[in-house]
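Here are the chains, one letter per residue:
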Amino acid sequence: MMQVGSREWRNLIAQGAESLGIRVDACQMERFSVHAEQLLAWTRKCNLTAITDPEEIAVKHFVDSLAPAAWMDPAGSLLDIGSGGGFPGIPLKILMPELNLTLIDASRKKVSFLNHLIRVLKLNSARAVHVRAEDLALNKPAENFDAIISRALGPLDEFAQMALPLLKTNGTMIAMKGRIPPDEIESVRRIRWMDAKQAHQEPISIFIQIHPYKLPFADAFRSIICMKLQ
């Protein structure tokens, strides 16, 4: 059976990432291995993830987490909503070390794990906070984010409305989902977006790009949905 951190496991991630146009170096791969080992160790105690098979961890957690990298500023600020076991935020931070990363989750045990992982991996400019996105928006952070990402976090319109108050002007909301039905896209277009900078709160439109891809080795179709106000 394949083991986390083995040569076979690392090759699986390397090949999967390469198929998405991403190169992972030896140092980054070592950090992925540590992340996966810590994830399994903590899951035995407090059930962080339902995915425990090493091959599925490699593909469904790590390779999939790297897919949005092409649509992000590698030195920008990223908010990962509902990060859970650190996906996609931690692998993206490992891939792009200059990223300023904030992870949030409503589960205290998951945030404890994330802060432990940040310490173990010695990640600079990274933090995990026990808070819901709605509450974070109410307590306005010192600075909003260049990009806000979520993976399988409910309906698209709910994610967009949750993320928008925390987004910088010209920032990008990135949703990672499976196949995306047209009515879910239309639900976002139907929202009456308002420009907070306008004194009279004039309606503005949202620009949506859908980037479909096939998750390597998993025979699974995925979608990255990038949304910006315009």
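Up top is the structure these notes are about.
Residues numbered from 1 in each chain as written. Predicted model: local features only at pLDDT ≥ 70, side-chain atom pairs only at ≥ 80, totals over all residues. Heavy atoms only, no water.

A. Spotlight on the environment of Gly154. Mapping Gly154 onto the fold places it in the loop between strand S4 (145-151) and helix H7 (156-163). Separated by 135 residues in sequence, Gly154 and Ser19 place their C-alpha atoms 28 Å apart. Excluding residues that lie within four positions of it along the chain, Gly154 makes contacts with Lys177 and Glu184. (Helix = DSSP H or I, 4+ residues; strand = E, 2+ residues; numbered from the N terminus. Contact = heavy atoms within 4.5 Å.)

B. Structural context of the pairing of S4. By the criterion of burial, S4 is predominantly enclosed, with 5 of the 7 residues buried. As paired strands, strand S1 (residues 77-81) and S4 are joined by 3 bridges and run parallel to one another. Bridge assignment links Leu79 to a residue of S4, and that residue is Ile148. Note that S4 and strand S5 (residues 167-177) share 6 bridges and pair parallel. Bridge pairing in S5 links Ser150 to Ala175. (Buried < 20%, exposed > 50% of the residue type's maximum accessible area, 1.4 Å probe, protein only. Pairing = 2+ DSSP bridges.)

C. Representation of the pattern of salt bridges within the structure. Following the criterion strictly, the structure yields 9 salt bridges and no others. A salt bridge links Arg222 to Asp64, with the nearest nitrogen and oxygen atoms 3.6 Å apart. Taken together, the positions of Arg222 in strand S7 (residues 220-229) and Asp64 in helix H3 (residues 54-66) put the pair 158 residues apart, joining distant regions of the chain. Ionic pairing is found between Lys168 and Glu143, a salt bridge with its closest N-O pair at 3.0 Å. Of this pair, Lys168 sits in strand S5 while Glu143 sits in the loop between helix H6 (133-138) and S4; the two residues are 25 residues apart in sequence, bridging distant segments of the chain. Overall, Lys168 belongs to the partly exposed group, its relative accessible area being 25%. For Glu143, a relative accessible area of 53% puts it in the exposed group. (Salt bridge = Lys/Arg side-chain N within 4 Å of Asp/Glu carboxyl O.)

D. The pairing of strand S6 (residues 206-215), seen in detail. Judged from the 10 bridges that link them, S6 and S7 form a sheet pairing that is antiparallel. Bridged to Tyr213 within S7 is Arg222. What sits between S6 and S7 in their antiparallel hairpin is a turn of 4 residues, with Phe217 showing a positive phi close to 70°.

E. Structural context of the nonpolar core. Judged by nonpolar contacts, the single largest core of 55 residues is most densely connected at Trp9, Ile13, Phe32, Phe62, Leu78, Ile90 and Leu92. Per-element tally for this core: the top contributor is helix H2 (residues 26-46), with 8 residues. Ignoring sequence-local partners within four residues, the contact set of Trp9 consists of Met2, Gln3, Val4, Phe32, Ser33, Ala36, Pro54, Ile57, Ala58 and Phe62. Of all hydrophobic cores here, the second largest spans 25 residues; its members include Ile104, Leu136, Val188 and Ile208. (Core = buried A, V, L, I, M, F, W, Y, C linked by side-chain atoms within 4.5 Å.)

F. The packing of aromatic side chains, seen in detail. Across all of its chains, the model carries 4 aromatic pairs by this definition. Between Trp9 and Phe62, the aromatic rings sit 5.8 Å apart at their centres with planes inclined by 75°, giving edge-to-face as the arrangement. Of this pair, Trp9 sits in helix H1 (residues 7-19) while Phe62 sits in helix H3, and the two are 53 residues apart along the sequence. Just as Trp9 is buried, Phe62 falls in that class too. (Phe/Tyr/Trp six-rings, centres within 6.5 Å; stacked < 30°, edge-to-face > 60°.)

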